[in-house]
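Report on the structure
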Amino acid sequence: MMRPHAAGRTAPLEIEVKLIVCAPAPDRVAAALADLERIGPYRLALGQRQQILDQYFDTPDGALDRKGLGLRLRDQDERRRLTLKGPSKSERPELAQRMELELPWGPKGLGRVLEALGAEGIALPPGTAPGRHEPAAAALARHGLVPIQERETLRRVRGVFRVQTPALLPLAEMAIDAVAYRWAAGTVGHHEIEIEACPGTGATLLLALAGHLRTRFTPFLQPWAFSKLATGHAVAQLMAAGDCDGLVDDARQLLPPAYDRLRRMLSTGAPPQRPPTP
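**Notes on the confidence of the model for the protein chain**
Per-residue confidence for the protein chain averages 90 on the pLDDT scale, and 92% of its residues sit at or above 70. Contacts of residues 1-8 to residues separated by more than four positions or lying in other chains number 21 contacts, the stretch itself having pLDDT below 50.

Here you go:
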């Protein structure tokens, strides 16, 4: 968890389970998941359909990556937010528990994030406050931060409730994500499921729900211990090798043999080489 900063403030803890869709036709499996209304003892309530554009930033020498940190700028529903994520703290490959500091983009939000990075030992140039109509990348560049990844996500959200317990608020949210990693050389598609705990919900429920999903969709859902950021870097490295036969389908969606190779690459502990961004 992130160290306290600024008079003891500590970033909230994010708890989520991640599964990947590892199938010959991943879009069909994702569509079947989106059609679910119930799984085991849980009811899945139709939620929002979201179009998300994410950019990740780091210093040119990878100072954030070395500390397991990720800095994300997200555009969604005409809102822009800046998020700092910490390293995952979990013994289960599909479970992530990490700090997440998410703030509206602007001088105050950027200031809080820079303060949090300083508390982690990452001192960046002071720069100046972002202008009202200034591109965010230009403002971040003044603090020594450069873009390292860009991706677009179509997210279908489902609220998770217990079938026999009336409730106004969900226990968790399940996101069915179709991710398109974007580089100058093109795009590659990746499908995953994120189940994130709502306040008051612990890891036990998330793991139980993931277990029901895996049983229902055997063998097409697999636990995944790696962030979208790390996965994207590994995908870029895999595609750059040039031999993509059997790794992607005609729509350039990742296929099961690609995930086998990605898991081996990411499990070595050595960070994949970051590709140039568009």
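**Overview of the packing of aromatic side chains**
With the rule as written, the count across this model stands at three aromatic pairs. Here Tyr181 and Trp183 contribute two aromatic rings whose centre-to-centre distance is 5.9 Å and whose plane-to-plane angle is 15°, an arrangement assigned as stacked. Taking the relative accessible area as the measure of exposure, Tyr181 reaches 0% and is therefore buried. Relative to Tyr259, the ring of Trp224 lies with its centre 5.7 Å away and its plane at 85°, an arrangement referred to as edge-to-face. Note that Trp224 is positioned in the loop between strand 10 (221-223) and helix 6 (228-240) and Tyr259 in helix 7 (residues 256-266), a separation of 35 residues in sequence. Trp224 gets classed as buried once you look at its relative accessible area, which sits at 1%. Three or more aromatic residues link up through ring pairs in this structure, and these residues are Trp224, Phe226 and Tyr259. For the cation-ring pair, Arg43 lies above Phe161, with the distance from its terminal atom to the ring centre recorded as 4.5 Å.

**Some remarks on the pairing of strand 9 (residues 186-197)**
Counting buried positions along strand 9 yields nine of 12 residues, so the element is predominantly enclosed. Alignment of strand 1 (residues 13-21) against strand 9, held across five bridges, turns out to be antiparallel. Directly across from Leu19, in strand 9, lies its bridge partner Ile193. In this sheet, strand 9 lies alongside strand 8 (residues 172-183) in antiparallel orientation, the contact comprising 12 bridges. Within strand 9, the position partnered with Val179 by the bridge is His190. Here strand 8 folds back onto strand 9, and the loop between the two strands holds two residues.

**Quick word on the pattern of salt bridges**
Inspection of the entire model under this criterion finds 22 salt bridges. A salt bridge links Glu194 to Lys18; its shortest N-O distance comes to 3.1 Å. Separated by 176 residues along the polypeptide, Glu194 in strand 9 and Lys18 in strand 1 bring together distant segments of the chain. Given the relative accessible area of 6%, Lys18 is considered buried. Between Glu134 and Arg142 there is a salt bridge, and its shortest N-O distance comes to 2.4 Å. A relative accessible area of 30% places Arg142 in the partly exposed class. Several salt bridges converge on common partners, so that one network encompasses Glu14, Glu16, Lys18, Lys85, Arg98, Glu100, Arg155, Asp177, Glu192, Glu194 and Lys228.

Rules used in this analysis
Residues numbered from 1 in each chain as written. Predicted model: local features only at pLDDT ≥ 70, side-chain atom pairs only at ≥ 80, totals over all residues. Heavy atoms only, no water. pLDDT = per-residue confidence, 0-100. Contact = heavy atoms within 4.5 Å. Phe/Tyr/Trp six-rings, centres within 6.5 Å; stacked < 30°, edge-to-face > 60°. Buried < 20%, exposed > 50% of the residue type's maximum accessible area, 1.4 Å probe, protein only. Helix = DSSP H or I, 4+ residues; strand = E, 2+ residues; numbered from the N terminus. Lys NZ or Arg CZ within 6 Å of the ring centre and 35° of its normal. Pairing = 2+ DSSP bridges. Salt bridge = Lys/Arg side-chain N within 4 Å of Asp/Glu carboxyl O.

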